[in-house]
Every structure is written in C-alpha cells, then in structure tokens.
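Topology and contacts: notes
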Amino acid sequence: MTRALNEAIAKLAALPTEEQDRVAAWLLDELRDDEQWTRRFEASRDALTKLAAEARADRAAGRTTELDPDKL
C-alpha cells in the first residue's frame, strides 16, 4: 500500500463510524463503477476500432467538417 493511501486511511479511521461507512460506501461504488466501465470498453473494443477507422476514412475522403465550438 502506498504512503498516500496509508495516510488517507489513517485520517478516515479518525472519523466517526457513520462517516467512515459513508466514505467507504462512496469509494466502493466508485470502484464498482470504474470496473463496469472497464468491462464495457473492453467488450466494445472491436466496435470502437471500427468506428474510429470509419471516422478516419471519412476525414481522409473530405466527408467531414471542422467543429466550431462557438456553434455548439
């Protein structure tokens, strides 16, 4: 475990029990969400690769226009 994580856990341990549980629930939710996104991206890798190739081909063929952020 890193020094920074040890320090964070030590500070959390000093909090009231209810606050520790709230922070733990939040952190576990964040970690689960991150794992879910990782799985989804891995599962869609082929589709994303295909879409990226199509976008590059469209750009090379002149079928795209530059995005103007002021018109969003």
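These remarks concern the structure in this document. Everything numeric in this text was worked out from a predicted model, so none of it was measured.

**Remarks on the overall build of the protein**
Summing up its helical and strand segments, the protein has three helices and zero strands in all. Shown N-terminal to C-terminal, the secondary structure of the protein runs as helices and strands in the order α-α-α. Relative to a compact globule of 72 residues, whose C-alpha radius of gyration would be 11 Å, the protein shows 22 Å and is clearly more extended. Expressed along its principal axes, the backbone C-alpha trace of the protein runs to roughly 60 × 35 × 25 Å. Classification of the 72 residues of the protein by burial places 1% in the buried group. Carbon and sulfur atoms provide 57% of the accessible area of the protein, an area that totals close to 6,800 Å². Here the protein contributes 12 positively and 16 negatively charged side chains, and the mean placements of these two sets differ by 6 Å.

**Considering the packing of aromatic side chains**
Within the structure shown, the criterion is met by one aromatic pair. Note that Arg-40 overlies the ring of Trp-37, its terminal NZ or CZ placed 5.8 Å from the centroid.

**Points about the pattern of salt bridges**
One pass over the structure, following the stated rule, counts four salt bridges. The partner of Arg-22 in a salt bridge is Glu-19, with the nearest N and O atoms 2.6 Å apart. Here Arg-22 and its partner Glu-19 are both found in helix α2 (residues 17–43), three residues apart, which amounts to about one turn of the helix.

**Brief notes about a negative patch on the surface**
A grouping of Glu-30, Asp-33, Asp-34 and Glu-35 is seen on the molecular surface, where their side chains present a negatively charged patch. On the secondary structure map, Asp-33 appears in helix α2. Take Asp-33: its relative accessible area is 35%, and that puts it in the partly exposed class.

**Some points on a nonpolar patch on the surface**
Taken together, the side chains of Trp-26, Leu-27, Leu-28 and Leu-31 present a nonpolar region at the surface, about 410 Å² in accessible area. Looking at Leu-27, the relative accessible area reads 41%, which means it is partly exposed.

What counts, and at which threshold
Residues numbered from 1 in each chain as written. Predicted model: local features only at pLDDT ≥ 70, side-chain atom pairs only at ≥ 80, totals over all residues. Heavy atoms only, no water. Helix = DSSP H or I, 4+ residues; strand = E, 2+ residues; numbered from the N terminus. Rg over C-alpha atoms; globule rule 2.2 N^0.38 Å. Buried < 20%, exposed > 50% of the residue type's maximum accessible area, 1.4 Å probe, protein only. Areas by Shrake-Rupley, 256 points an atom, 1.4 Å probe, with all protein chains shown as cover. Lys, Arg positive; Asp, Glu negative; His and termini not counted. Charge placed at Lys NZ, Arg CZ, Asp CG, Glu CD. Phe/Tyr/Trp six-rings, centres within 6.5 Å; stacked < 30°, edge-to-face > 60°. Lys NZ or Arg CZ within 6 Å of the ring centre and 35° of its normal. Salt bridge = Lys/Arg side-chain N within 4 Å of Asp/Glu carboxyl O. Patch = residues over 30% accessible without salt bridge, like charges linked within 9 Å, V, L, I, M, F, W, Y side chains within 5 Å.

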